[in-house]
Each structure stands twice: as C-alpha cells, then as structure tokens.
Amino acid sequence: QEVTLEGLPSASTSGNAVSSIDENKIIPFLDLITYKELKTKDGKEKKPYIKIGLREYTPEEVYSFLIRKVKEDTEHYLQEEYGIDEPVTAATITVPADFNSNKRHGTMEAAKKAGIEKIELISEPTAACISYGIESESEPLIVVFDIGAGTTDVTLGQVVQIDGKPQFDQLHTK
C-alpha cells in the first residue's frame with residue numbers, strides 16, 4: 001500500500017530548478033508529528049519511529065516521501081517545460097560530510113523506496129566544490145568550508161582536464 005501525506009504542500013518549480021517546500025506551509029502539519037522513543041520493531045534492531053497521525057514511520061519512510069515528491073515534481077517540470085515524458089530513475093543526493101555508513105545506507109533505502117534506481121551520494125562540501133570548480137577555469141585548487149549547525153567540514157578539491165572536459169578530484173575532506 002502506497003503511503004502519502006495528504007494535504008502536504010507541494011514543492012514548486014521556478015526558473016529551471018525545483019525549489020524547496022515553503023517552510024511556512026509546513027508549520028501547521030508539525031502538530032501531527034510526534035517522535036517516539038527507540039523501540040524494537042523486528043526484535044533485533046532498535047530504530048526511532050515518527051508518528052504522523054495514527055501511523056508510525058521510520059525516518060527512511062518519511063525521507064522517501066520527500067524524495068518521491070521532489071521526483072514527481074521534477075518529472076512534471078521536465079514534461080511541462082521540455083516535453084520529456086520519462087520517469088526520473090537516477091539521482092545524485094548530497095549528504096552531510098559526517099554521515100556515517102548507516103545514515104548513508106538509510107538515505108539510499110529512502111531513495112529506493114521513492115522509485116530511484118540509480119543513486120549516487122556525495123558529501124555537501126564536495127558538491128559545492130564540484131559546482132564551483134566546474135565553472136571556474138582559473139581556480140584549479142578549491143577549498144570549501146561547510147559551516148553547519150553542529151559541524152564544520154572542509155573539503156579540498158582540484159579541477160583537472162580529462163579529454164578536454166573539467167573533472168573534479170576530491171583531495172581531502174575533514
């Protein structure tokens with residue numbers, strides 16, 4: 001049975017990219033969400049569960065709803081703007097640099113539940129390096145400081161030319 005969050009505001013498209021969901025439209029839904037203590041679902045592994053209405057969800061399930069919504073909005077945008085009527089089946093998803101293997105695995109599982117078949121995960125500071133470095137021909141070495149709410153990550157990268165195309169080489173992330 002497919003689960004949806006009825007009434008959840010849609011993400012919108014603007015320009016040539018899908019924009020994020022407006023936080024002000026989400027606030028009324030927060031009263032429906034409660035976080036439960038760790039509990040055992042399968043007798044082996046303890047996981048947090050999020051209760052929305054009367055149903056409990058794993059974090060991966062909730063994340064899959066968001067990924068599915070972005071996937072659907074992207075498909076709609078591609079159809080409307082470019083006449084491309086194909087499902088989005090591959091995605092590159094950025095994750096915090098300090099995501100451990102369990103969190104990365106959870107992100108991959110959420111993307112699979114949302115219908116994404118080919119998934120690449122890259123750290124957020126690496127994504128910033130790629131974005132900056134691919135467009136910059138004069139800055140072969142790039143340092144990105146990712147200052148978040150609880151961590152500061154630094155990535156050192158280099159843009160190299162391979163077959164006349166700029167490629168990003170991540171040298172170090174800390």
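### Points about the packing of helix α2 (residues 59-82) against helix α3 (residues 101-113)
Closest axis-to-axis distance for the α2/α3 pair is 8 Å, and the angle between their directions is 55°. As far as their axial angle goes, α3 and α2 are oblique. By crossing handedness, the relation of α2 to α3 is classed as right-handed. Counted together, E60, E61, Y63, S64, I67 and R68 of α2 and G106, T107, A110, A111 and K113 of α3 form the full contact between these two elements. Each residue belonging to the contact of α2 with α3 can be placed in one class, and the counts come to four nonpolar, three polar and four charged.

### Thoughts on a nonpolar patch on the surface
Where nonpolar side chains cluster on the molecular surface, the patch consists of L141, V143, F145, I147, L156 and L171 and spans about 590 Å² of accessible area. Counting residues per element, the nonpolar patch draws most heavily on strand β8 (residues 141-147), at four residues. Residue class for F145 comes out exposed when judged on its relative accessible area of 56%.

### As for the nonpolar core
One finds I67, V88, I93, V95, A110, A111, A114, I116, I119 and L121 forming the largest nonpolar core, which totals 10 residues. For this core, the secondary-structure elements that each account for two or more residues are β6 (90-95), α3 and β7 (118-123). In this structure A110 touches E60, Y63, S64 and I67, once residues within four positions along its chain are discounted.

### A short note on the environment of H172
Here H172 is to be found in strand β10 (residues 165-173). On the accessibility criterion, H172 (47% relative accessible area) is partly exposed. With 14 residues separating them along the chain, H172 and Q158 place their C-alpha atoms 9.9 Å apart. Leave out the neighbours within four places in its chain, and H172 touches V154, T155 and L156.

### Considering the environment of A91
Structurally, A91 can be placed in strand β6. A91 sits in the partly exposed class, given a relative accessible area of 23%. In sequence terms A91 and I67 are 24 residues apart; their C-alpha atoms lie 9.9 Å from each other. Sequence-distant contacts of A91, defined by excluding residues within four places in its chain, comprise I116, K118, I119 and E120.

### Examining the sheet that holds β8
Spatially, β8-β9-β10 is the arrangement adopted by the three strands of the open sheet, whose pairing is antiparallel. At either margin of the open sheet sits one strand with a lone partner, and together these are β8 and β10. The average angle at which neighbouring strand axes cross in this sheet is 30°, direction not considered.

### What about the confidence of the model for the protein chain?
Close reading of the predicted structure is inappropriate where its pLDDT is low. For the protein chain, per-residue confidence averages 77 on the pLDDT scale, and residues scoring 70 or more make up 70% of the total. Mean pLDDT values for the elements of the protein chain range from 39 in strand β1 (residues 13-14) up to 94 in α3. In the predicted structure, residues 1-21 sits below a pLDDT of 50 and forms 39 contacts with residues beyond four places in sequence or in another chain.

### Points about α2
Given a rise of 1.5 Å per residue, 24 residues ought to cover 34 Å, and the 34 Å separating the end C-alpha atoms of α2 matches this to within 8%. Of the residues making up α2, those classed as buried are E60, E61, V62, S64, F65, I67, R68, K71, D73, E75 and Y77.

### What to know about α3
Over its 13 residues, α3 runs 18 Å from end to end, which matches the ideal 18 Å to within 8%, given 1.5 Å per residue. Taken together, the buried residues of α3 touch α2, β6 and β7. Just downstream of α3, G115 is the residue with a positive phi angle, here 95°.

Rules behind the numbers
- Residues numbered from 1 in each chain as written.
- Predicted model: local features only at pLDDT ≥ 70, side-chain atom pairs only at ≥ 80, totals over all residues.
- Heavy atoms only, no water.
- Axes fitted to C-alpha atoms, helices over the stretch in contact; angles between N-to-C directions.
- Helix = DSSP H or I, 4+ residues; strand = E, 2+ residues; numbered from the N terminus.
- Parallel < 35°, antiparallel > 145°, perpendicular 65-115°, else oblique.
- Left-handed = near helix turned anticlockwise from the far one by under 90°.
- Contact = heavy atoms within 4.5 Å.
- Nonpolar A, V, L, I, M, F, W, Y, C, P; charged D, E, K, R; others polar.
- Patch = residues over 30% accessible without salt bridge, like charges linked within 9 Å, V, L, I, M, F, W, Y side chains within 5 Å.
- Areas by Shrake-Rupley, 256 points an atom, 1.4 Å probe, with all protein chains shown as cover.
- Salt bridge = Lys/Arg side-chain N within 4 Å of Asp/Glu carboxyl O.
- Buried < 20%, exposed > 50% of the residue type's maximum accessible area, 1.4 Å probe, protein only.
- Core = buried A, V, L, I, M, F, W, Y, C linked by side-chain atoms within 4.5 Å.
- Pairing = 2+ DSSP bridges.
- pLDDT = per-residue confidence, 0-100.
- Expected span 1.5 Å × (residues − 1).

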